[in-house]
Amino acid sequence: MLAASPFRLEDGEPFHYRDGVLYVGDLPVDRLAGAAGTPVYLYDLDAVEAAFRRVQAAFAPGQLLYSVKANGNLALLRRLVALGAGFDVVSGGELLRVLRAGGHPDRIVFAGVGKTLEELRLAAHCGVVVHVESADELATLQAAAAGLGARARFGLRVNPDVEAGPHPYLRTGHDEAKFGLPRRTAVELLRRVAAGDYPNLDPVGVHVHIGSQLADPDELAAGARVALGVLQAGRQAGLALDRIDVGGGLPVAYDGGPVPSPEAFAAALAPLLAGSGAQLQIEPGRAVVARAGALVASVLAAKPRPAGQTVVVDTGMHHLLRPALYRARHRVVSVQLRPPTDLTWLVGPICESADVLAAGVPLPDLAPGDLVAVLDAGAYGMAMASNYNGQPRPAEVVVTGGEALLSRRRETWEDLLAWESGPARRLPVGGPGGGASIAVHGSSGAMGLMWSLTPTTLPGLGGGSPCADPHDHLRGASGRLG
Ligand code: LLP
């Protein structure tokens, strides 16, 4: 028998053992998995609320804009809307998701290194603040707003040349990153805005995001200092800039090690912002949702390996990409509490050697039908899931107040075929080839044209503006889990 598992569940965690079974909130995970099937993402919305409140209190009176890319589950977004959250979105799809959850356009910022004309038109139409990342994008936003006869608000995203983050893929603030504008270019653009070169645009502030899993509050402060410098230069040019958005990056201790608290990050920013007259905005994603979620899977097979066991489960890198992409280590536990007996490689069904959810971790002997839970999977789990190898994506269940709701049903094999239903159609292709055409599968080939063709409607929204009255917006009801 192995020593006790290194994966400790601390008191007060959303997922904990009670009477020998893993629980989330007041509900046993085995019963939830029985009702919803596996694989399934479980989210404890009460834990999301607690994490949100803690970060919000730490940065008060700053505004918390939850970063939707971490987890865009609609039930979870509705809960955050009810708590007064703002939102950071990075695509038209995420923007519509927040509007559908009842989010108010006034509390949404639209970031992202590449936005299409359609996305910028949608943002301008709805009145959300756009975080602009290039001079070309500023020109496109001006054109989008002018074309709609609207004004658009924007902030400039500055690249502060601050290197932070534990993995190269999580660093966004160094000068070779694709994100943001060099400081000098940002200041020049603000001067041109002040000179009237962008008549339909209203600048509101400066944005910076240096990376994820920040290890040191001073890194966040270093990025904020650069953003403040650009803000002051813009003010000197005559612009009324009053927002500093310092992005996200608050860390989560996946391995139980110490990480700085939200309060420590807030304390590092406080002296910089004091007296600046600028409102602070912060965009945490992971810190609000990571701990509140787990991916629960069933064992399909167990087989010996030279040292320990290989356990094959019905989920993998297609549903939780983090271990394969970043070599991230998630705590993995057996849903039935039993002492660990074997070093275990927990693997998925995907035909890739990288499809390993956990390597060499202590788990009990597991047999087909047993349940395991991959913890701390509420952030960048389902959000990054794919249909690779023809695999449907899992269901999502939210738990709150002792009740479970099926928020998103499991995808079916039929769903996977839906985009190619109907016969392949010939797609007329103009240009030098003259009347050449290519075959297109599916019933709709009009991808990308939706917003530019019909500025006040979007397909699938039943006509009308998606943001005319966000509170009235196609709120789907979640089904109760029996
Ligand atoms: N704001 C901006 C502009 C961002 O790009 C991001 C994350 C955030 C806020 C939220 O960062 P957070 O507080 O969650 O660290 N897939 C990776 C994380 C990529 C984060 C990308 N941007 C992962 O699974 O670790």
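Draft legend 1. Highlighting the overall build of the protein chain. Scanning the protein chain from N- to C-terminus turns up 13 helices and 24 strands. Burial analysis of the protein chain (482 residues in total) assigns 45% to the buried set.

Draft legend 2. Expanded view of unusual backbone geometry. A cis amide bond links Thr 38 to the next residue, Pro 39, at an omega of -5°. Mapped onto the elements, Pro 39 comes out in the loop between α1 (29-36) and β4 (40-44). In the segment running from Ala 60 into Pro 61, the intervening peptide bond is cis, with an omega of 5°. With respect to the element layout, Pro 61 can be found in the loop between α2 (45-59) and β5 (63-67). The phi angle at Asp 19 is positive, at roughly 50°, despite the residue not being glycine.

Draft legend 3. Spatial organisation of the pairing of strand β17 (residues 342-347). Two strands pair when backbone bridges link them, and strand β15 (residues 309-313) and β17 are joined in this way by four bridges, in the parallel orientation. The residue of β17 that forms the bridge with Val 311 is Leu 346. Sheet analysis places β17 next to strand β18 (residues 356-363), joined by five bridges and oriented antiparallel. Bridging across to β18, Leu 343 finds its partner in Pro 362.

Draft legend 4. Region of interest: the environment of Leu 363. Mapped onto the elements, Leu 363 comes out in strand β18. Residues Leu 363 and Val 333, 30 residues apart in the sequence, show an inter-C-alpha distance of 7.0 Å. Among all residues touching Leu 363, those that are not within four sequence positions of it are Val 332, Ser 334, Pro 340, Asp 342 and Thr 344.

Draft legend 5. Spatial organisation of the sheet that holds strand β3 (residues 27-28). An order of β1-β2-β3 is seen for the three strands of this open sheet, with the pairing classed as antiparallel. Looking at the sheet topology across the chains shown, the edges are occupied by β1 (15-18) and β3. Sheet topology places β1 next to strand β2 (residues 21-24); four bridges connect them, and they run antiparallel. Looking at β2, one finds that His 16 is bridged to Tyr 23.

Draft legend 6. Highlighting the nonpolar core. In this structure, Val 29, Leu 42, Leu 141, Val 296 and Ala 373 are the most contacted members of the largest nonpolar core, which totals 130 residues. Among the elements that take part in this core, α2 stands out by supplying eight residues, more than any other. Viewed by domain, this core spans two of them, domain 1 (15-43 + 290-408) and domain 2 (46-285), each represented by three or more residues.

Draft legend 7. Up close: the site of the ligand. The environment of the ligand is formed by 21 residues, the closest being Ser 212, Gly 248, Gly 285, Arg 286 and Tyr 380. For the shell around the ligand, the secondary-structure elements that each account for two or more residues are α10 (286-289) and α11 (322-326). Its residues assigned to classes, the shell around the ligand shows nine nonpolar, seven polar and five charged. The residues that make up the shell around the ligand include at least three from each of domain 1 (15-43 + 290-408) and domain 2 (46-285).

Draft legend 8. Up close: the environment of Thr 140. Note on placement: Thr 140 falls in helix α6 (residues 135-148). A tally of 19 C-beta atoms within 10 Å means that Thr 140 is categorised as partly exposed. As a C-alpha pair, Thr 140 and Leu 120 span 20 residues in sequence and 7.7 Å in three-dimensional space. Those residues within four positions of Thr 140 in sequence are excluded, and the remaining contacts are Leu 117 and Leu 120.

Draft legend 9. Geometry of the environment of Ala 215. Within the secondary structure layout, Ala 215 lies in the loop between β11 (201-207) and α8 (217-236). The exposure class assigned to Ala 215 is partly exposed, which follows from the 14 C-beta atoms found within 10 Å.

Draft legend 10. Region of the structure containing the pairing of strand β21 (residues 403-408). As paired strands, strand β20 (residues 395-400) and β21 are joined by five bridges and run antiparallel to one another. What sits directly across from Val 398, in β21, is Leu 405. Linking β20 back to β21 in an antiparallel pair, the connection comprises two residues, with Gly 401 at a positive phi of about 55°.

Draft legend 11. Local environment of the confidence of the model for the protein chain. Considering every residue of the protein chain, the mean pLDDT works out to 90; 89% of them sit at 70 or more. With pLDDT under 50 throughout, residues 442-462 is counted as low confidence; its partners more than four residues away or in other chains account for 28 contacts. Low confidence marks residues 469-478, where pLDDT is under 50. Its contacts with residues over four positions away, or in another chain, come to 18 contacts.

Draft legend 12. Up close: helix α9 (residues 262-273). Between its terminal C-alpha atoms α9 stretches 16 Å, which fits the 16 Å expected from twelve residues at 1.5 Å a residue. Here α9 has its buried residues at Pro 262, Phe 265, Ala 266 and Leu 269. The buried residues of α9 all sit within an arc of 95° when viewed along its axis, so they share a single face. The elements touched by buried residues of α9 are α2, α8, β13 (279-282) and α10. Phi turns positive one or two residues past the end of α9, at Gly 275, with a value near 80°.

Draft legend 13. Structural detail: the packing of α2 against helix α3 (residues 74-82). Orientation of α2 relative to α3, taken along the N-to-C sense of each, is 40°, at an axis distance of 10 Å. Accordingly, the angle class assigned to the pair α2 and α3 is oblique. The handedness of the crossing between α2 and α3 comes out as right-handed. Between α2, through Leu 45, Val 48, Glu 49 and Phe 52, and α3, the contact on the second element is made entirely by Leu 76, Arg 79 and Leu 80. Partitioning the contact of α2 with α3 into residue classes produces five nonpolar, no polar and two charged.

Draft legend 14. Just the packing of helix α7 (residues 183-194) against α8, in detail. Between α7 and α8, the least distance of the axes is 9 Å, while the angle of their chain directions is 25°. On the basis of their axis angle, the class for α7 and α8 is roughly parallel. Crossing of α7 against α8: the hand is right-handed. Residue-level contacts link Arg 183, Ala 186, Val 187 and Leu 190 of α7 to Val 226, Val 230, Ala 233 and Gly 234 of α8. Looking at the contact of α7 with α8, its residues break down into six nonpolar, one polar and one charged.

Analysis parameters
- Residues numbered from 1 in each chain as written.
- Predicted model: local features only at pLDDT ≥ 70, side-chain atom pairs only at ≥ 80, totals over all residues.
- Helix = DSSP H or I, 4+ residues; strand = E, 2+ residues; numbered from the N terminus.
- Buried ≥ 20, exposed ≤ 12 C-beta atoms within 10 Å, placed from the backbone.
- Pairing = 2+ DSSP bridges.
- Contact = placed C-beta atoms within 7 Å.
- Core = buried A, V, L, I, M, F, W, Y, C linked by C-beta atoms within 7 Å.
- Domains from an automatic or database assignment.
- Near = placed C-beta within 6 Å.
- Nonpolar A, V, L, I, M, F, W, Y, C, P; charged D, E, K, R; others polar.
- pLDDT = per-residue confidence, 0-100.
- Expected span 1.5 Å × (residues − 1).
- Arc of directions from axis to C-beta.
- Axes fitted to C-alpha atoms, helices over the stretch in contact; angles between N-to-C directions.
- Parallel < 35°, antiparallel > 145°, perpendicular 65-115°, else oblique.
- Left-handed = near helix turned anticlockwise from the far one by under 90°.

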